[in-house]
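Chains, contacts and geometry: an overview
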Amino acid sequence: MYQYEIQVRVRYSETDQMGFVYYGNYAAYFEVARVEAFRAIGWSYKKMEDEGIGMPVLSMNINYQGPAKYDDLLTIKVSIPEEPRARIKFVYEIINPLGKVINSAETELAFMHMQTGRPARIPKELSDLLSSYY
(Lines give C-alpha, C1' and ligand atoms only; values in the text may rest on other atoms or scores of the structure.)
Protein backbone atom coordinates (compact mmCIF):
# COMPACT_ATOMS: atom_id res chain seq x y z
CA MET A 1 0.00 0.00 0.00
CA TYR A 2 1.38 3.39 -0.99
CA GLN A 3 1.47 5.97 1.85
CA TYR A 4 2.60 9.57 2.01
CA GLU A 5 2.35 12.44 4.47
CA ILE A 6 2.63 16.18 4.17
CA GLN A 7 2.25 19.08 6.57
CA VAL A 8 -0.01 22.07 5.98
CA ARG A 9 -0.31 25.13 8.19
CA VAL A 10 -3.84 26.47 8.67
CA ARG A 11 -4.15 29.97 7.23
CA TYR A 12 -6.48 32.58 8.68
CA SER A 13 -8.58 32.67 5.50
CA GLU A 14 -9.39 28.96 5.97
CA THR A 15 -11.13 29.49 9.31
CA ASP A 16 -14.68 30.44 10.24
CA GLN A 17 -15.92 32.94 12.88
CA MET A 18 -15.23 30.40 15.63
CA GLY A 19 -11.57 30.15 14.60
CA PHE A 20 -11.95 26.58 13.31
CA VAL A 21 -11.09 25.37 9.82
CA TYR A 22 -14.25 25.72 7.74
CA TYR A 23 -15.50 22.22 6.91
CA GLY A 24 -15.34 22.73 3.12
CA ASN A 25 -11.59 23.41 3.25
CA TYR A 26 -10.77 19.82 4.17
CA ALA A 27 -11.37 18.78 0.54
CA ALA A 28 -8.63 21.21 -0.52
CA TYR A 29 -6.25 19.67 2.05
CA PHE A 30 -6.99 16.23 0.58
CA GLU A 31 -6.23 17.52 -2.92
CA VAL A 32 -2.87 18.90 -1.76
CA ALA A 33 -2.04 15.50 -0.24
CA ARG A 34 -3.03 13.61 -3.43
CA VAL A 35 -1.05 15.84 -5.76
CA GLU A 36 2.06 15.82 -3.56
CA ALA A 37 1.82 12.05 -3.01
CA PHE A 38 1.97 11.58 -6.79
CA ARG A 39 4.82 14.09 -7.10
CA ALA A 40 6.79 12.17 -4.43
CA ILE A 41 6.86 9.04 -6.62
CA GLY A 42 7.77 11.00 -9.75
CA TRP A 43 4.32 11.50 -11.27
CA SER A 44 2.99 14.88 -12.40
CA TYR A 45 -0.74 15.45 -12.07
CA LYS A 46 -0.38 18.43 -14.42
CA LYS A 47 1.43 16.39 -17.06
CA MET A 48 -1.35 13.79 -16.92
CA GLU A 49 -3.94 16.52 -17.50
CA ASP A 50 -1.83 18.01 -20.31
CA GLU A 51 -1.96 14.53 -21.91
CA GLY A 52 -5.77 14.58 -21.73
CA ILE A 53 -6.47 12.46 -18.64
CA GLY A 54 -8.38 13.95 -15.71
CA MET A 55 -9.41 12.54 -12.35
CA PRO A 56 -12.87 13.70 -11.26
CA VAL A 57 -13.95 12.90 -7.72
CA LEU A 58 -16.72 10.30 -7.67
CA SER A 59 -17.28 10.21 -3.92
CA MET A 60 -16.03 11.62 -0.65
CA ASN A 61 -16.81 10.30 2.82
CA ILE A 62 -15.54 12.44 5.68
CA ASN A 63 -15.61 12.22 9.48
CA TYR A 64 -14.82 15.15 11.76
CA GLN A 65 -13.43 14.10 15.14
CA GLY A 66 -12.09 17.45 16.33
CA PRO A 67 -11.35 20.98 15.12
CA ALA A 68 -8.29 22.37 13.42
CA LYS A 69 -7.50 25.98 14.32
CA TYR A 70 -5.71 28.95 12.83
CA ASP A 71 -1.92 28.44 12.66
CA ASP A 72 -2.08 24.70 13.52
CA LEU A 73 0.53 22.67 11.67
CA LEU A 74 -1.49 19.71 10.44
CA THR A 75 -0.08 16.41 9.22
CA ILE A 76 -2.08 14.90 6.40
CA LYS A 77 -1.52 11.19 5.84
CA VAL A 78 -2.77 9.76 2.57
CA SER A 79 -2.72 6.18 1.37
CA ILE A 80 -3.86 4.25 -1.67
CA PRO A 81 -5.08 1.01 -0.08
CA GLU A 82 -5.61 -0.99 -3.25
CA GLU A 83 -4.01 -1.13 -6.67
CA PRO A 84 -5.82 1.37 -8.93
CA ARG A 85 -7.34 0.48 -12.29
CA ALA A 86 -9.93 2.81 -13.86
CA ARG A 87 -10.70 4.13 -10.37
CA ILE A 88 -8.42 5.08 -7.51
CA LYS A 89 -9.27 5.22 -3.81
CA PHE A 90 -7.48 7.49 -1.33
CA VAL A 91 -7.72 7.25 2.47
CA TYR A 92 -6.76 10.25 4.63
CA GLU A 93 -6.08 11.12 8.25
CA ILE A 94 -5.46 14.65 9.45
CA ILE A 95 -3.50 14.91 12.68
CA ASN A 96 -3.26 18.04 14.84
CA PRO A 97 -0.06 19.32 16.53
CA LEU A 98 -0.87 17.26 19.64
CA GLY A 99 -0.82 14.03 17.60
CA LYS A 100 -4.60 13.54 17.68
CA VAL A 101 -6.50 12.40 14.59
CA ILE A 102 -9.06 15.16 14.01
CA ASN A 103 -10.36 14.11 10.61
CA SER A 104 -10.54 10.96 8.52
CA ALA A 105 -11.86 10.57 5.01
CA GLU A 106 -11.94 8.55 1.82
CA THR A 107 -12.25 9.73 -1.75
CA GLU A 108 -12.71 7.73 -4.93
CA LEU A 109 -11.66 9.25 -8.23
CA ALA A 110 -11.89 7.96 -11.79
CA PHE A 111 -9.48 8.30 -14.67
CA MET A 112 -11.26 10.03 -17.53
CA HIS A 113 -10.50 11.18 -21.08
CA MET A 114 -10.98 14.93 -20.68
CA GLN A 115 -12.12 15.55 -24.28
CA THR A 116 -14.80 12.87 -24.35
CA GLY A 117 -15.67 12.48 -20.68
CA ARG A 118 -15.34 8.71 -21.11
CA PRO A 119 -13.61 6.46 -18.56
CA ALA A 120 -9.91 5.72 -19.04
CA ARG A 121 -7.51 3.20 -17.60
CA ILE A 122 -4.85 4.34 -15.19
CA PRO A 123 -1.92 5.72 -17.24
CA LYS A 124 0.71 2.98 -17.67
CA GLU A 125 3.52 5.12 -16.28
CA LEU A 126 1.55 5.81 -13.07
CA SER A 127 0.57 2.16 -12.79
CA ASP A 128 4.25 1.17 -13.12
CA LEU A 129 5.25 3.68 -10.41
CA LEU A 130 2.64 2.32 -7.98
CA SER A 131 2.93 -1.39 -8.79
CA SER A 132 5.76 -2.09 -6.34
CA TYR A 133 3.46 -1.13 -3.44
CA TYR A 134 0.89 -3.88 -4.20
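Okay, so let's go over this structure. (Residues numbered from 1 in each chain as written. Predicted model: local features only at pLDDT ≥ 70, side-chain atom pairs only at ≥ 80, totals over all residues. Heavy atoms only, no water.)

**Quick look at unusual backbone geometry**
Residue Asp71 is not a glycine yet carries a positive backbone phi of 75°. Positionally, Asp71 belongs in the loop between β3 (57-64) and β4 (73-80). (Helix = DSSP H or I, 4+ residues; strand = E, 2+ residues; numbered from the N terminus.)

**Let's talk about a nonpolar patch on the surface**
Nonpolar side chains collect at one region of the surface, where Met1, Tyr133 and Tyr134 lie side by side and expose about 270 Å² of accessible area between them. Residue Met1 is classed as partly exposed on the basis of its relative accessible area of 45%. (Patch = residues over 30% accessible without salt bridge, like charges linked within 9 Å, V, L, I, M, F, W, Y side chains within 5 Å. Areas by Shrake-Rupley, 256 points an atom, 1.4 Å probe, with all protein chains shown as cover. Salt bridge = Lys/Arg side-chain N within 4 Å of Asp/Glu carboxyl O. Buried < 20%, exposed > 50% of the residue type's maximum accessible area, 1.4 Å probe, protein only.)

**Digging into the environment of Glu93**
Tracing the backbone through its elements, the reader meets Glu93 in strand β5 (residues 87-95). For Glu93, a relative accessible area of 33% corresponds to the partly exposed category. Put simply, Glu93 and Asn103 are 10 residues apart on the chain and 5.7 Å apart in space, counted from C-alpha to C-alpha. With residues up to four places along the chain from it excluded, the contact list for Glu93 reads Thr75, Ile76, Lys77, Val101, Asn103 and Ser104. (Contact = heavy atoms within 4.5 Å.)

**Section: the pattern of salt bridges**
Side-chain pairs of opposite charge can arise where the charged atoms are in close proximity. Taken as a whole and judged by the stated rule, the model has 10 salt bridges. In this structure, Arg9 engages Asp71 in a salt bridge whose closest nitrogen and oxygen atoms are separated by 3.7 Å. Taken as a pair, Arg9 in strand β1 (residues 2-9) and Asp71 in the loop between β3 and β4 lie far apart in primary sequence, 62 residues in all.

**A few points about the environment of Leu129**
Along the chain, Leu129 falls in helix α3 (residues 124-131). Beyond its immediate stretch of four places on either side in the chain, Leu129 contacts Ile41, Gly42 and Trp43.

**Brief notes about the sheet that holds β3**
Pairing is antiparallel in the open sheet, where five strands are placed in the order β1-β4-β5-β6-β3. Edge strands, defined here as strands with exactly one partner in the open sheet, are β1 and β3. Strand after strand, the sheet turns through a mean of 15° between neighbouring axes, direction not considered. Both β3 and strand β6 (residues 101-110) contribute to a ladder of seven bridges, which runs antiparallel. Considered in β6, the bridge of Met60 is made with Thr107. Those strands touched by helix α1 (residues 26-40) are β1, β3, β4, β5 and β6, and its axis lies near 130° from that of β1. (Pairing = 2+ DSSP bridges. Axes fitted to C-alpha atoms, helices over the stretch in contact; angles between N-to-C directions.)

By themselves these figures say nothing about function.
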